[in-house]
Amino acid sequence: MPEYKIRAVAFRRGDWWIAQCLEYRLATQTKTLEDLPHELERLLSVQIKSSLDRGVEPFAGFSPAPRRYWQMYERARTRLEAITTPDLQRTEAPSLVRAETRLAA
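No experiment lies behind these values; they were computed from the predicted model shown. (Residues numbered from 1 in each chain as written. Predicted model: local features only at pLDDT ≥ 70, side-chain atom pairs only at ≥ 80, totals over all residues. Heavy atoms only, no water.)

Q: How should the packing of aromatic side chains be read in this particular structure?
A: Each pair of aromatic rings is reported with the distance of its centres and the angle of its planes. Tallying each qualifying case throughout the model produces four aromatic pairs. Taking the centre distance of 5.8 Å and the plane angle of 25° together, the rings of Phe 11 and Tyr 69 count as stacked. Here Phe 11, found in strand S1 (residues 4-13), pairs with Tyr 69, found in helix H2 (residues 67-75); they are 58 residues apart in sequence, far enough to count as distant. According to the relative accessible area criterion, Phe 11 is buried, its value standing at 6%. Overall, the relative accessible area of 7% leaves Tyr 69 in the buried class. With 4.0 Å between their ring centres and 10° between their planes, Tyr 24 and Phe 59 make a pair best called stacked. Placement of Tyr 24 in the loop between strand S2 (16-21) and strand S3 (27-30) and of Phe 59 in the loop between helix H1 (36-53) and H2 is noted, with a sequence separation of 35 residues between them. A relative accessible area of 22% means that Tyr 24 is categorised as partly exposed. (Phe/Tyr/Trp six-rings, centres within 6.5 Å; stacked < 30°, edge-to-face > 60°. Helix = DSSP H or I, 4+ residues; strand = E, 2+ residues; numbered from the N terminus. Buried < 20%, exposed > 50% of the residue type's maximum accessible area, 1.4 Å probe, protein only.)

Here it is in structure tokens:
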């Protein structure tokens, strides 16, 4: 299966950390910043796999994120990377997506 490369911007709104994809108007949120990269990867992988399983092009019908998120991404310089520790190592199948996420502070 192909690997999809998607850019996202991460930011805080209230008590939640949000990751907004740029190429597709799709977002997720978590209570902790550390959980956000894994949740974004999980959301995108599930969306891609379910589309492929149904014979639909992944992200068909999704529009790009509004311009303000693209601007947030361009201003952000800090990349948000997933933290892997022995007790958090993943046991699921390899990811179908690689998300480059930047933190907008």
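So that's the structure; there's more coming.
Q: Would you explain the pairing of S3 in this entry?
A: For a regular strand, the rule is simple: side chains alternate between the two faces of the sheet. Judged by which residues are buried, S3 turns out to be one-sided: Thr 28 and Thr 30 face inward and are buried, whereas Ala 27 and Gln 29, on the alternate face, are not. As judged from the four bridges shared by S2 and S3, these two strands associate in the antiparallel manner. Within S3, the position partnered with Ile 18 by the bridge is Gln 29. Joining the antiparallel neighbours S2 and S3 is a turn of five residues. (Pairing = 2+ DSSP bridges.)

Q: Any chance you could explain the pairing of S1 here in plain terms?
A: Bridge count between S1 and strand S5 (residues 97-103): seven bridges; the pairing is parallel. For Lys 5, the partnering residue across the bridge sits in S5 and is Arg 98. Sheet topology note: the S1/S2 ladder contains six bridges and is antiparallel. Within the sheet, the bridge partner assigned to Ala 10 lies in S2 and is Ala 19. As consecutive antiparallel partners, S1 and S2 are separated by two residues, and within that stretch Gly 14 has a phi angle of approximately 65°, a positive value.

Q: Hey, could you run me through the environment of Glu 3 in this one?
A: Within the secondary structure layout, Glu 3 lies in the segment before S1. A sequence separation of 45 residues divides Glu 3 from Ile 48, and the C-alpha atoms of the two residues are 9.8 Å apart. Here Glu 3 is in contact with Leu 96, Val 97 and Arg 98, once residues within four sequence places are set aside. (Contact = heavy atoms within 4.5 Å.)

Q: Can you help me understand the nonpolar core in this one?
A: Soluble globular proteins tend to pack their nonpolar side chains together in the buried interior. Ranked by internal contacts, the top residues of the largest apolar core, which has 18 residues, are Ile 6, Leu 36 and Leu 44. Mapped onto this core, the elements with two or more residues apiece are S1, S2, H1 and S5. Non-local contacts of Leu 36, meaning those with residues more than four positions away in its chain, are made with Ala 10, Trp 17, Ile 18, Ala 19, Thr 28, Gln 29, Thr 30 and Leu 80. Leu 22, Tyr 69, Tyr 73 and Ala 104 belong to the second-largest nonpolar core, a separate cluster that totals 11 residues. (Core = buried A, V, L, I, M, F, W, Y, C linked by side-chain atoms within 4.5 Å.)

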